[in-house]
Amino acid sequence: MVLTTEERVWLVEHVFREAGRHIDVVRQRFAEKFPDTPVPHRNAVRNLVDKFWETGSVNDAKRCGRSAKLSEEKLLDISDSVMQSPSKSLRKLAQQHDIGLGTAHKAVRKKLKLFPYKIMAVQELEATDNEKRIRYCRWFNRFIEENTANVLDVTFFTDEAWFHLSGYVNSQNSRLWSSRLFIYGEQQNLQCIEIVRARWMT
């Protein structure tokens, strides 16, 4: 609840008239004087009087920190920054434009109507890849037949690990801000090593 300056002055003046002893009486008179305004709590009245004693004013002190207001000029600057660098994080965007993180999120999501899209890395299949898969399946079937039938029961497959030599992007931490879903392709040579561990127990 925010009181007007007139209401605050009236409260302080009448508390002084009562010598600070009958705050509930002042609150009752306040309800009669300003019927459209909710009656402030007695603690709020005390805080208002204490503020007047300390500062000599009933107005709130100026708040420090970054402004939460988004002007049209600031919003255009944020839009240009996102267009130039759509993968920029909200934290960096807030630092660049000297605004809070919540304000940056509000500007991007609610004002500019942008959505974060996750980067997906896919591998292009060549014409010979299908034959390689079939050849591997046939080898694995022969492996099971040549060994005991319960070979899979004593086989433990651990997780795979990729060791990238260059150009790797962590898709979990990277997002592209856009107003619509788009497909962007970039061809890169696969320079990585995949290690899959399997152990047979005898």
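The rules behind the values
Position numbers for residues count from 1 along each chain, tracking the sequence in the order it is written. Only residues with pLDDT of 70 or above have their local features reported here, since the model is predicted, and side-chain atom pairs are shown and tallied only from 80 upward, although totals for entire chains, interfaces and linings are computed over all residues. Working from all heavy atoms in the structure, the side-chain values ignore hydrogens and water. Salt bridges are counted wherever a side-chain nitrogen of Lys or Arg sits within 4 Å of a carboxyl oxygen of Asp or Glu. Runs of E in the DSSP output that reach at least two residues are strands. Runs of H or I that reach at least four are helices, and both are numbered from the N terminus. The rule is simple: take the accessible area with a 1.4 Å probe, protein chains only, and divide by the maximum for that residue type; under 20% is buried, over 50% is exposed, in between is partly exposed. Patches draw on residues past 30% relative accessible area with no salt bridge. Two like charges within 9 Å are joined, as are two nonpolar side chains (Val, Leu, Ile, Met, Phe, Trp, Tyr) within 5 Å. Method for areas: the Shrake-Rupley scheme with a 1.4 Å probe, in which residue coverage is limited to the protein chains shown. Positive charges come from Lys and Arg alone, negative charges from Asp and Glu alone, with His and the N- and C-terminal ends not counted. Every charge is mapped onto a representative atom, which is NZ of Lys, CZ of Arg, CG of Asp or CD of Glu. Stacked, edge-to-face and tilted labels apply to pairs of Phe, Tyr and Trp rings (six-membered ring for Trp) whose centres lie within 6.5 Å, assigned for plane angles under 30 degrees, over 60, and everything in between, in that order. Expected span, for any helix, means 1.5 Å times one less than how many residues it has. In what follows, residue pairs with any heavy atoms lying within 4.5 Å of each other are defined as contacts. Per-residue confidence from the predictor is reported as pLDDT, which spans 0 to 100. Structural elements are reduced to axes, namely lines fitted to C-alpha atoms, with helices fitted over the stretch in contact, and the angle between N-to-C directions of any two is expressed from 0 to 180 degrees. Note on terminology: angles under 35 degrees are roughly parallel, angles over 145 are roughly antiparallel, angles of 65 to 115 are roughly perpendicular, and the others are oblique. Under the convention adopted here, Pro, Cys and the residues Ala, Val, Leu, Ile, Met, Phe, Trp and Tyr are nonpolar, Asp, Glu, Lys and Arg are charged, and Gly plus all remaining residues are polar.

Caption draft 1: A look at the pattern of salt bridges. Scanning the model with the defined rule gives three salt bridges in all. Here aspartate 24 makes a salt bridge to arginine 27, at a shortest N to O gap of 3.7 Å. Of this pair, aspartate 24 and arginine 27 both sit in helix α2 (residues 23-33), separated by three residues, roughly a single helical turn. Among the residues examined, arginine 27 registers a relative accessible area of 23% and is labelled partly exposed. In the salt-bridge network here, residues are joined through shared partners; they are Asp24, Arg27 and Arg42.

Caption draft 2: Representation of a positive patch on the surface within the structure. A cluster of basic residues, Lys106, Lys110, Lys111 and Lys113, forms a positive patch on the protein surface. Mapped onto the elements of the fold, lysine 110 is located in helix α6 (residues 101-111).

Caption draft 3: Structural view of the packing of aromatic side chains. All chains considered together, the criterion is met by ten aromatic pairs. Joined through ring pairs, the aromatic side chains of Tyr136, Trp139, Phe140 and Phe143 make up one cluster.

Caption draft 4: Spatial organisation of helix α1 (residues 5-17). The first and last C-alpha atoms of α1 sit 18 Å apart over 13 residues, in line with the 18 Å expected at 1.5 Å per residue. Those residues of α1 not exposed but buried are Glu7, Arg8, Trp10, Leu11, Val12, His14 and Val15. Among the structural elements, α2 and α3 (42-55) are those in contact with the buried residues of α1. The positive-phi residue at the C-terminal boundary of α1 is alanine 19, with phi of around 60 degrees.

Caption draft 5: Fine view of the confidence of the model for the protein chain. In this model, the protein chain carries an average pLDDT of 78, and 75% of its residues clear a pLDDT of 70 or more. Ranking the helices and strands of the protein chain by mean pLDDT puts α6 first, with 89, and strand β4 (residues 192-200) last, with 49. Within the model, the stretch residues 193-197 combines pLDDT values under 50 with 14 contacts to residues more than four positions away or in other chains.

Caption draft 6: Seen up close, the packing of α1 against α3. For the pair α1 and α3, the least separation of the axes is 10 Å and the interaxial angle reads 90 degrees. By the criterion of interaxial angle, the relationship of α1 to α3 is roughly perpendicular. Each of Arg8, Leu11, Val12, Val15 and Phe16 in α1 lies in contact with α3, whose residues at this interface are Val45, Leu48, Val49, Lys51, Phe52 and Trp53. Within the contact of α1 with α3, the residues separate by chemical class into nine nonpolar, no polar and two charged.

Caption draft 7: How the structure looks around α3. Given a rise of 1.5 Å per residue, 14 residues ought to cover 20 Å, and the 20 Å separating the end C-alpha atoms of α3 matches this to within 8%. Close packing links the buried residues of α3 with α1 and α2. Phi for glycine 56, located one or two positions after α3, is positive at around 75 degrees.

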